Amino acid sequence: MKGRNTYYFRESIILLLKTKWVGPYLLLPPMLAFMVYAESYLSAHGITGIFTLEQRTVLAIWNGSLLLTLIAGIKSCMFFSGMWESSWFRNSLALPVNRSSGFWGPYLAVLSVVSVIFILTTGAVVAALPEPGRFNIFQIIAESYIPVVWAVSMGAFLGILTTGIAGSMFFTTLLLLGFLTGLPIARLPEWIYAVIPPVGRIMTLGLQYPQGLIQAGILILHSTAVLILSRFLYSIGLKRK
Amino acid sequence: MPPYISIGGYSDPPRITYFSVEADSGELIALVGGPGSGKSNLIKSIAGIRSTGSGSIRIMGARPASLRAREKAVFIFQNSNFAPDLAVKNQLERRIALILGVPVGSIQRDVAVWCEEMELTDAAAQIPGQMNRSQLQMLSLAPLALTSPFVAVLDEPMANLSSLMVSSALEIIVSMLEKTSVLVLVQNKSPLVKRADRVVNLP
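So, how was this worked out
Residues numbered from 1 in each chain as written. Chains lettered and ligands numbered in written order. Predicted model: local features only at pLDDT ≥ 70, side-chain atom pairs only at ≥ 80, totals over all residues. Heavy atoms only, no water. Helix = DSSP H or I, 4+ residues; strand = E, 2+ residues; numbered from the N terminus. Rg over C-alpha atoms; globule rule 2.2 N^0.38 Å. Contact = heavy atoms within 4.5 Å. Areas by Shrake-Rupley, 256 points an atom, 1.4 Å probe, with all protein chains shown as cover. Lys, Arg positive; Asp, Glu negative; His and termini not counted. Charge placed at Lys NZ, Arg CZ, Asp CG, Glu CD. Buried < 20%, exposed > 50% of the residue type's maximum accessible area, 1.4 Å probe, protein only. Pairing = 2+ DSSP bridges. Axes fitted to C-alpha atoms, helices over the stretch in contact; angles between N-to-C directions. Parallel < 35°, antiparallel > 145°, perpendicular 65-115°, else oblique. Left-handed = near helix turned anticlockwise from the far one by under 90°. Nonpolar A, V, L, I, M, F, W, Y, C, P; charged D, E, K, R; others polar. Polar contact = N/O pair within 3.5 Å; in protein donor to acceptor, adjacent residues only side chain to side chain. Patch = residues over 30% accessible without salt bridge, like charges linked within 9 Å, V, L, I, M, F, W, Y side chains within 5 Å. Salt bridge = Lys/Arg side-chain N within 4 Å of Asp/Glu carboxyl O. Buried area = accessible area lost by both parts, 1.4 Å probe.

Caption draft 1: Looking closely at the overall build of chain B. For chain B, the helix and strand inventory stands at nine helices and eight strands. Its C-alpha radius of gyration of 16 Å places chain B within 12% of the 17 Å reference for a compact globule of 203 residues. Principal axes of the C-alpha set define a box for chain B whose edges measure 45 × 35 × 30 Å. In chain B, 68% of the contacts between residues at least 6 apart in sequence involve partners at least 24 apart. With an accessible surface of roughly 8,500 Å², chain B has 48% of that area assigned to carbon and sulfur atoms. Measuring between centres, the 19 positive side-chain charges of chain B sit 8 Å from its 17 negative side-chain charges.

Caption draft 2: Region of interest: the overall build of chain A. Counting its regular elements, chain A contains eleven helices and zero strands. Helices (α) and strands (β) of chain A occur, in sequence order from the N terminus, as α-α-α-α-α-α-α-α-α-α-α. Against the compact-globule benchmark of 18 Å for 241 residues, chain A has a radius of gyration of 19 Å, which places it among compact chains. Each of the three principal axes of chain A carries a C-alpha extent, and together these read 60 × 40 × 30 Å. Looking at the 241 residues of chain A, the share that counts as buried comes to 51%. The contacts of chain A with a sequence gap of at least 6 include a subset with a gap of at least 24, amounting to 78%. For chain A, the accessible area works out to roughly 11,200 Å², and carbon and sulfur atoms hold 74% of it. A distance of 18 Å separates the average location of the 16 positive side-chain charges in chain A from that of its 7 negative side-chain charges.

Caption draft 3: Geometry of the pairing of strand β3 (residues 28–32) of chain B. Residues and elements named next belong to chain B. Taking burial as the measure, the five residues of β3 include five buried ones, the bulk of the element. Across the two faces of β3 the burial is the same, with Leu-28, Ala-30 and Val-32 and Ile-29 and Leu-31 all buried. For β3 and strand β8 (residues 198–201), the ladder comprises four bridges, and the chain directions are parallel. Across the sheet, Ala-30 pairs through a bridge with Val-199, a residue of β8.

Caption draft 4: Fine view of the packing of helix α6 (residues 101–128) of chain A against helix α11 (residues 213–239) of chain A. Residues and elements named next belong to chain A. Interhelical geometry of α6 versus α11 gives an angle of 140 degrees and a closest axis separation of 10 Å. As judged from the angle between their axes, α6 and α11 are oblique. Between α6 and α11 lies a crossing whose hand is right-handed. When α6 is examined against α11, the residues Gly-102, Phe-103, Trp-104 and Tyr-107 are found in contact with a partner set consisting of Leu-227, Ser-230, Arg-231 and Tyr-234. Looking at the contact of α6 with α11, its residues break down into five nonpolar, two polar and one charged.

Caption draft 5: Inspection of unusual backbone geometry at higher detail. Residue and element names in this part refer to chain B. Look at the link from Pro-13 to Pro-14: it is a cis peptide, with omega at 5 degrees. Inspection of the secondary structure puts Pro-14 in the loop between β1 (5–12) and β2 (16–23). Residue Met-60 is not a glycine yet carries a positive backbone phi of 50 degrees. Following the sequence through the fold, Met-60 ends up in the loop between β4 (54–59) and α2 (67–72).

Caption draft 6: A look at the side chain of Thr-180 of chain B. Residues and elements named next belong to chain B. In this fold, Thr-180 is placed in the loop between α8 (163–175) and β7 (181–186). Taking the relative accessible area as the measure of exposure, Thr-180 reaches 1% and is therefore buried. Looking at Thr-180, its side chain comes within polar contact range of the main-chain oxygen of Pro-149, at 2.7 Å. For Thr-180, the residues in contact, after removing those within four places along its chain, are Ser-25, Gly-26, Glu-27, Pro-149, Phe-150, Val-151 and Ala-152.

Caption draft 7: Region of the structure containing a nonpolar patch on the surface. Together, Tyr-37, Tyr-41 and Leu-42 of chain A line one region of the surface with nonpolar side chains, adding up to about 320 Å² of accessible area. Inspection of the secondary structure assignment puts Tyr-37 of chain A in helix α3 (residues 28–44).

Caption draft 8: Representation of the interface of chain A and chain B. Contact with chain A, which involves 26 residues of that partner, is made by 29 residues of chain B. Taking both sides of the interface into account, the surface hidden between chain A and chain B amounts to around 2,600 Å²; carbon and sulfur atoms contribute 59%. Taken together, the connections running from chain A to chain B amount to three salt bridges. In this structure, the connection of chain A to chain B is made through 13 residue pairs in polar contact (both at pLDDT 80 or more). For the side of chain A that touches chain B, the secondary structure elements donating two or more residues are α1 (7–16), α5 (87–92) and α11 of chain A. Grouping the amino acids of the side of chain A that touches chain B by side-chain chemistry returns eleven nonpolar, four polar and eleven charged.

Caption draft 9: Examining the pattern of salt bridges more closely. Residues and elements named next belong to chain B. All chains considered together, the criterion is met by seven salt bridges over all chains. The residue Arg-50 makes a salt bridge to Asp-12 at a minimum N-O spacing of 3.4 Å. With Arg-50 in the loop between α1 (39–46) and β4 and Asp-12 in strand β1, the pair connects residues that are 38 residues apart, well separated along the chain. With a closest N to O distance of 3.1 Å, Glu-27 and Arg-198 form a salt bridge. Pair noted here: Glu-27 is in the loop between β2 and β3 and Arg-198 is in strand β8, with a separation of 171 residues, a long-range link. Since its relative accessible area comes to 33%, Arg-198 is described here as partly exposed.

Caption draft 10: Local environment of the packing of helix α4 (residues 53–84) of chain A against helix α8 (residues 164–180) of chain A. All names here are of chain A. Two numbers describe how α4 lies on α8: the axes approach to 8 Å, and their chain directions differ by 155 degrees. What the angle tells us is that α4 and α8 run roughly antiparallel. Like other packed secondary-structure pairs, α4 and α8 cross with a definite hand, here right-handed. Contacts between α4 and α8 involve Leu-66, Thr-69, Leu-70, Gly-73, Ile-74, Cys-77, Met-78 and Ser-81 from the former and Gly-164, Ile-165, Gly-167, Ser-168, Phe-171, Thr-172, Leu-175 and Phe-179 from the latter. By residue class, the composition of the contact of α4 with α8 is nine nonpolar, seven polar and no charged.

Spatial relationships are all this shows, so hold off on functional conclusions.
Now the structure itself:
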């Protein structure tokens, strides 16, 4: 029957294009401009070390990715929690829809919107800054996309597990911890690196060549694991009394 | 041919204990119970969105959570039939298109005409929070009027309706009875109790 697999995807896209959901992404350009300016300033004053021109481009791509990861994660927690906990969503499962699409539809809708924002952001950075010769730009873009996917998967996991606000706070803490563990000055116990997703290390290693492929792999595995877990929790939620 | 709706030995303690009913084509059955008697839980169990503690429920012989059952039935809940942030008319169009298995564009005119007949064109263009409960409940009946399901299960479909809309709603429900089996979960004072072919008190 027509539309039974895509119903929730379409509903979610329509919801996500409302100002309430798409508006926060407009914060991305000024935040990115501020970060690039601040890094140039700190670099010029010898606080962060000198970045080469090509490293600045790579850094700008990673800045865009990190900011988008933060916004996407928070908005994902709020969106998924609001949708899957709502009475209207539960009642809508009485429609002739594929119930599995009640999970994958909203997930893919959020991922699609965030991916479009990622393409626009990264495209703007690549267009504005010189192309880094020593680095493979496509590999950097591909790697910087992984934290964004991770954020949406974490959003789905936390959104199904708790309230939007609690999920957002947990996500922000985890992201900041992940970022801090990636800073060269961070001196933390070894076990922390096994617990905290390497969203910071993937970035700092991305400034070297070759980039942090192992960290990229770990982050992909982490995203997949939380996504599978979320889908499992969704199934349990459907059967609750 | 299995019965259109079959509920056997359904229990939802402490509210409902061992309840059974069967309905066939053209029958309007009123399941009567007071507030807190388990009506809303029962419709959720029939719709397959809540697990059934004990007993069995079948729609045209299919389990309620199965797609085969949901393709043949329309469920109208007392509340929360619409997403709060989207215009109701657009939601109705997409839902009715989904039930009929047709593109949204092909039923937009039918929805618009129905809303006009019900004098709800302006209200339907708004989001649920911007309209009163009577308008919202009347609009939630649109899938009944514009599709021809084998089974319709309605939870308090007239509880919030204004007196002007009650007769229109009754007309919609009665007009379906040629091929549909209708189960309404209502309180004793509902006008549907008088019109029902059978009245069953929830134990």
